[in-house]
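# Structural overview
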Amino acid sequence: DHLFRERVASQYQISARNKSMLKLFMLSHWLVTGALLLLLLPFSPFPPFPLAGNDLYLAYAWLASLPFTLLALNACNRSKAGQMGGFRLATILLGILPCVATIGLNVPVVMSYFSGGVEKGEGDVNAMPDMVMWQGHPAGLITSGLSLLSLLVHLGEVKVAGTLIAAWQPRHAKKRS
């Protein structure tokens, strides 16, 4: 009986630690969302951000991952492995994949900027002809930076969600005799 209580106590400790870590990652998710919304909304204090085509669709796909954080909060409160699995899948499909695609689409702009092709927005002699600038910096660099930050947050969410699912599964598994 004592060994069973010790095993369950360690599962609860893992669960409690990872629940608080997941909540920190979700807070970061919401903060990154606020930064993206400041760029996307037409009435923000900044000039309009030049997102068009694939970047705009990927930004909207990434924003679709936001409601699933509420699913994860509910799963945390009730220790539901199934709901956490849904959050994990949605984070991979709607969070990680759009971030990787955005970074991949903007690799030429970022490489050109860091290799000296653009002198912080002033030297357009060597600039790529299709490079869109915003506030003196390439828009692709800004979206790639935001996507990289989002990617790190999502990878953390997926890792912690997997740990929580593993911690919750033994509790709900049927006993075999």
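Overview of the structure. (Residues numbered from 1 in each chain as written. Predicted model: local features only at pLDDT ≥ 70, side-chain atom pairs only at ≥ 80, totals over all residues. Heavy atoms only, no water.)

### As for the overall build of the chain
- Looking only at helices and strands, the chain has six helices and two strands in total.
- Element order for the chain, N to C, with α for helix and β for strand: α-α-α-α-α-β-β-α.
- Counting over 177 residues, the chain shows a buried share of 39%.
- Working note: accessible area of the chain is about 10,500 Å², and carbon and sulfur atoms make up 66% of it. (Helix = DSSP H or I, 4+ residues; strand = E, 2+ residues; numbered from the N terminus. Buried < 20%, exposed > 50% of the residue type's maximum accessible area, 1.4 Å probe, protein only. Areas by Shrake-Rupley, 256 points an atom, 1.4 Å probe, with all protein chains shown as cover.)

### A word on the side chain of E157
- By the element assignment, E157 lies in helix α6 (residues 139-172).
- One buried charged side chain, E157, makes no salt bridge at all; its nearest oppositely charged neighbour is R88, positioned 11 Å away. (Lys, Arg positive; Asp, Glu negative; His and termini not counted. Salt bridge = Lys/Arg side-chain N within 4 Å of Asp/Glu carboxyl O.)

### Some thoughts on the side chain of S147
- Mapped onto the elements, S147 comes out in helix α6.
- With a relative accessible area of 9%, S147 lands in the buried category.
- Those residues in contact with S147 that sit more than four places away from it in its chain are C99, T102 and I103. (Contact = heavy atoms within 4.5 Å.)

### Concerning helix α5 (residues 107-114)
- Inspection of α5 places V109, V110, S112 and Y113 among the buried residues, and these make up the whole buried set. Seen end-on, α5 carries its buried residues on one side only, within an arc spanning 165 degrees. Exposed positions of α5 whose direction lies more than 90 degrees from the buried face are M111 and F114.
- Looking at the residues trailing α5, positive phi occurs at G116, about 95 degrees. (Arc of directions from axis to C-beta.)

### Here's the deal with helix α3 (residues 67-78)
- Its twelve residues give α3 an end-to-end C-alpha distance of 17 Å, which sits within 8% of 16 Å, the value for a rise of 1.5 Å per residue.
- Those residues of α3 that sit buried are T69, A72, A75 and C76. Looking down the long axis of α3, one finds its buried residues gathered within 115 degrees of arc, a one-sided arrangement. In α3, the exposed positions angled more than 90 degrees off the buried face are occupied by L70, N77 and R78.
- Backbone geometry just downstream of α3 places S79 in the positive-phi region, at approximately 55 degrees. (Expected span 1.5 Å × (residues − 1).)

### Some thoughts on the nonpolar core
- Among the nonpolar cores identified, the biggest contains 16 residues, and L36, L40, F49 and W62 are the most heavily contacted of them.
- Residues M26, A75, C76 and M84 belong to the second largest nonpolar core, which totals 13 residues. (Core = buried A, V, L, I, M, F, W, Y, C linked by side-chain atoms within 4.5 Å.)

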